[in-house]
Every structure is written in structure tokens, then in C-alpha cells.
Amino acid sequence: MAKPKVTVVGAGFVGATTAQRLVEKEIADVVLIDVVEGLAQGKALDMMESAPIEGFKTKITGTNNYTDTQNSDVVVITAGLARKPGMSRDDLLFKNAEIVGGIVTECAKHSPKAIMVVVTNPLDVMVYLAWKKSGFDNRRVFGMAGELDSARYAYFISEAAGCFPHEVQAMVLGGHGDEMVPVEQATTVKGKPITQILKKEQIEIINQRTRDGGAEIVKYLKTGSAFYAPSSSVVRMVRSILEDRNEVIASCVYVNGPYGLKDIYCGVPAKLGRKGVTEVVELELTPQQAAALKTSAEHVLENCNKLSL
Ligand code: TXD
């Protein structure tokens, strides 16, 4: 049976690693596209040459031409500038809006039935822009952020609790920025709430480290931002979509009603399946968390206004 088709736009760190994980796990055939001539072609060929060793039967091709992306089931957009030390995600706003806007128009034209997963920063507003530019139903346009923030949170908790990372179930909501909202009561270690395992002060330190998780990596790398955990997060979302798993994954989705939010994209738990977002899951939040989620949504709205969306 033919494999699903996934286009990954941007053959940089996040895009190429996402493509590699998708083909190595045999989740989909991949078309990798970039504006730089030869970049996607070179990386795709290099990955295919690893197939005899890795044993995957899926295919990856590289291109600079959107015709090759046509009829993709999922389009992942990672193209754009990444942060340098000292830059906030919002510093990327205008430049990346221009890049993502053009890409979305091409992708929507060539793959009108696709589901779009946006990765480019500033994430929440780029997702909103992609939704507007594509003309797609909002259930088919969403962004990756919460899964990454939750994975970082889970990793830091596992270190403090002395358990394996996969034994932690973590949930981080809100915008992908300084206003992200770790939800302690929805976070467990081997099934037990972290509030029973870690001290309040320990949790507070971990919450802050999670908020600063992206910057911590940028500070080390100096010339770019994280890509291993981001690509893992995208791949989990794509697998849930293509295999219609409907897993509950913290994602930047369109919210109109739940959490008291109106007509905005925001990071909340959502079920992702073949039709896109099939349900926004509403967790019970403390008044502080609900207020933080609102602030985070207001910040997204401010950025949308700057772009006149
Ligand atoms: O949690 C999240 N959502 C994120 C987001 C986690 C990590 C990275 N995040 C953001 O993803 C980051 O802030 C950037 O905005 C994107 C991509 O990060 P990456 O680290 O992959 O950046 P690179 O390595 O610079 O790659 C970007 C590629 C590069 O190859 C460019 O040539 C290409 O994008 N590019 C384009 N491709 C196609 N079309 C156009 N117009 C284009 N412009 C640049």
C-alpha cells in the first residue's frame, strides 16, 4: 500500500531532522523542499543512501519546486529564521511572516486537502497567519509547541524525581513563549501527581527552566536553536494524524469557547487524527493558570494585530 505523503518545508535543522525521523520510522514518504538550491536534494539523497543500512522502505526526495509537493497528506512548515542569542521569538515576527505567508499559499494551492503543521517562530502567530492565508478549515491548521514544552518539562521532572523520562506524563499549555503554563495537576510521575513527589520550590524551579528551555539551548548552540526534541514533537503529531490515533497532544490549535478563549490560536491539549483537530480537551485550571493562559492568548492577539491579521 502506498505510504502517506508528507511535505517538509525548510531543509534546515528542524526540517531535515523531522524528515529523517519520518522516513526512518516508516511513517510516510517525504518531500523535503527548501529555497536554497540543492540543499534539500543533497540531504534527501544522503538520507536515501542510509536506507540500505537503516532498512527503511520509505522514500525521501528533495526539491525546490512546489509541483513535487502536490497532494501531500500533511505539510510541515519549518522554514524561516531561527533565534540567535539575545533574540526573542517575537524578533522573528515580520521576516518569518513574509516567508511563511508565501509558503502557505504555495502549499495550499498544491495540496488543498492537506493538514498543515506549523513550526516556524513566533509560533502561535505564524499558525494564525497560516490559517488565514490557506483558507483551510481551522481544524486542519495547527502548530507544534506544547508537545515540545511538555517534553522538556517531563525531562526536567525525571531528572529531579530520579526516574526514566518516559515515566513522566507532563502537560504545558499556553503560548510558546514566556507565558507558557505548566499544569502541575495534570503532570504525573508513574501515575502519581508531581505535587506528591517533588517539593513546591523544586517544581517552581522546573517551571521556570521549562519556560527558558528554548533559550537554554540557544545559549549553548550560539548560531541556532533546538532541533532534536522539536523534530520528535512534530513526528509524534504527524504520526497521530496519519495513523488516526487521536492522541491527546498539547498543540497550538484554534480555540473558540473552551478555556474562555475566543477566536484565537493557543496551546491547549487537543486530539489529533486524520481529520486534524478532532477535540480540544478542557482541563480544570487553577485561577492563576487560567489567568496566565488568557495573558498568553492576549499576547498572540497583539502580534496578530501587528501583522494586521
Ligand atoms: O517549538 C517550536 N515551534 C520550535 C520552532 C522549535 C524549534 C525551532 N523553531 C523555529 O523553527 C525556529 O525559530 C525557526 O523559525 C524554525 C526553523 O528552525 P531551524 O533551526 O530548522 O532553522 P534553520 O536551520 O535556519 O532552517 C530554516 C530553513 C533553511 O534551510 C532556509 O533555507 C529555509 O528554512 N528557508 C526556506 N525554505 C523554503 N522557502 C522559503 N521561503 C525559505 N526561507 C528560508
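These notes cover the structure that comes with them. Given the structure is predicted, the values throughout are model-derived calculations rather than measurements.

### Some details on the overall build of the protein chain
Then, in step 1: Tallying secondary structure elements over the protein chain gives ten helices and 14 strands in all.
Then, in step 2: Rg of the C-alpha trace for the protein chain: 19 Å, near the compact-globule value of 19 Å for 309 residues, within the 12% margin.
Then, in step 3: Dimensions of the protein chain, computed from C-alpha atoms along their principal axes, come out at roughly 50 × 45 × 40 Å.
Then, in step 4: Sorting the 309 residues of the protein chain into buried and exposed places 51% on the buried side.
Then, in step 5: Restricting to contacts in the protein chain with at least 6 residues of sequence separation, those with at least 24 account for 68%.
Then, in step 6: Entry remark: accessible area of the protein chain is about 14200 Å², with carbon and sulfur atoms responsible for 53%.
Then, in step 7: Positive and negative charge centroids in the protein chain, built from 35 and 36 side chains respectively, lie 2 Å apart.

### Concerning the site of the ligand
Then, in step 1: In the neighbourhood of the ligand, 29 residues make up the surrounding shell, with Phe13, Val14, Asp34, Leu81 and Met144 lying closest.
Then, in step 2: With respect to the ligand, the side chain of Asp34 contributes an N or O atom lying 2.6 Å from an oxygen atom.
Then, in step 3: Taking Gly80, its main chain carries an N or O atom lying 3.4 Å from an oxygen atom of the ligand.
Then, in step 4: Its free accessible area being 860 Å², the ligand has 86% of it covered by the protein chains.
Then, in step 5: The set of elements that each furnish at least two residues to the shell around the ligand consists of helix H1 (13–24) and helix H4 (93–110).
Then, in step 6: Among the elements that make up the shell around the ligand, the one with the highest residue count is H4 (three residues).
Then, in step 7: Taken domain by domain, the makeup of the shell around the ligand includes at least three residues from each of domain 1 (5–143) and domain 2 (146–306).

### Quick look at the sheet that holds strand S11 (residues 192–193)
Then, in step 1: Read across the sheet, three strands follow the order S7-S10-S11 without closing on themselves; strand pairing throughout is antiparallel. Edge positions in the open sheet fall to strand S7 (168–169) and S11, since each of these has one partner strand only.
Then, in step 2: Across two bridges, strand S10 (residues 188–189) lies against S11 in antiparallel orientation. Residue pairing in the sheet places Val189 in a bridge with Lys192 of S11.

### Here's the deal with the pattern of salt bridges
Then, in step 1: A full pass over the atoms with the stated rule returns 13 salt bridges.
Then, in step 2: Residue Lys57 pairs with Glu26 through a salt bridge whose shortest N-O separation is 3.7 Å. Of the two residues, Lys57 sits in the loop between helix H3 (51–54) and strand S3 (60–63) while Glu26 sits in the loop between H1 and strand S2 (29–33), which places them 31 residues apart along the sequence.
Then, in step 3: Judged by its relative accessible area of 70%, Lys57 falls in the exposed class.
Then, in step 4: Its relative accessible area of 26% is what places Glu26 among the partly exposed residues.
Then, in step 5: With its nearest N and O atoms 3.1 Å apart, the salt bridge here joins Arg236 to Glu147. A residue pair is termed long-range when its members are at least 10 positions apart, and Arg236 in helix H9 (residues 228–242) and Glu147 in helix H6 (residues 146–161) qualify at 89 residues.
Then, in step 6: Given the relative accessible area of 31%, Arg236 is considered partly exposed.
Then, in step 7: Given a relative accessible area of 13%, Glu147 falls into the buried group.
Then, in step 8: Look at the salt bridges and you will find they share partners, linking Glu147, Arg236, Arg239, Glu243, Arg245 and Glu247 into a network.

### Observations concerning the pairing of strand S12 (residues 247–255)
Then, in step 1: Counting buried positions along S12 yields eight of nine residues, so the element is predominantly enclosed.
Then, in step 2: Bridge count for S12 against strand S13 (residues 264–273) is nine bridges, and the pairing is antiparallel. Across the sheet, Val253 pairs through a bridge with Cys266, a residue of S13.

### Quick notes on helix H10 (residues 287–306)
Then, in step 1: Between its first and last C-alpha atoms H10 spans 29 Å; for 20 residues at 1.5 Å apiece the expected length is 28 Å, and the two agree.
Then, in step 2: Those residues of H10 that sit buried are Gln289, Leu293, Ser296, Ala297, Val300, Asn303 and Cys304. An end-on view of H10 places all buried positions within 115 degrees of arc, on one side of the element. Exposed residues lying more than 90 degrees from the buried face of H10 are Pro287, Gln288 and Asn305.
Then, in step 3: Tucked into the core, H10 has its buried residues touching H4, helix H5 (123–134), strand S8 (172–173), strand S9 (181–182) and S13.
Then, in step 4: Of the residues flanking the end of H10, it is Ser308, one or two places downstream, whose phi is positive at about 55 degrees.

Procedures and definitions
Residues numbered from 1 in each chain as written. Predicted model: local features only at pLDDT ≥ 70, side-chain atom pairs only at ≥ 80, totals over all residues. Heavy atoms only, no water. Helix = DSSP H or I, 4+ residues; strand = E, 2+ residues; numbered from the N terminus. Rg over C-alpha atoms; globule rule 2.2 N^0.38 Å. Buried < 20%, exposed > 50% of the residue type's maximum accessible area, 1.4 Å probe, protein only. Contact = heavy atoms within 4.5 Å. Areas by Shrake-Rupley, 256 points an atom, 1.4 Å probe, with all protein chains shown as cover. Lys, Arg positive; Asp, Glu negative; His and termini not counted. Charge placed at Lys NZ, Arg CZ, Asp CG, Glu CD. Near = heavy atom within 4 Å. Polar contact = N/O pair within 3.5 Å; in protein donor to acceptor, adjacent residues only side chain to side chain. Domains from an automatic or database assignment. Pairing = 2+ DSSP bridges. Salt bridge = Lys/Arg side-chain N within 4 Å of Asp/Glu carboxyl O. Expected span 1.5 Å × (residues − 1). Arc of directions from axis to C-beta.

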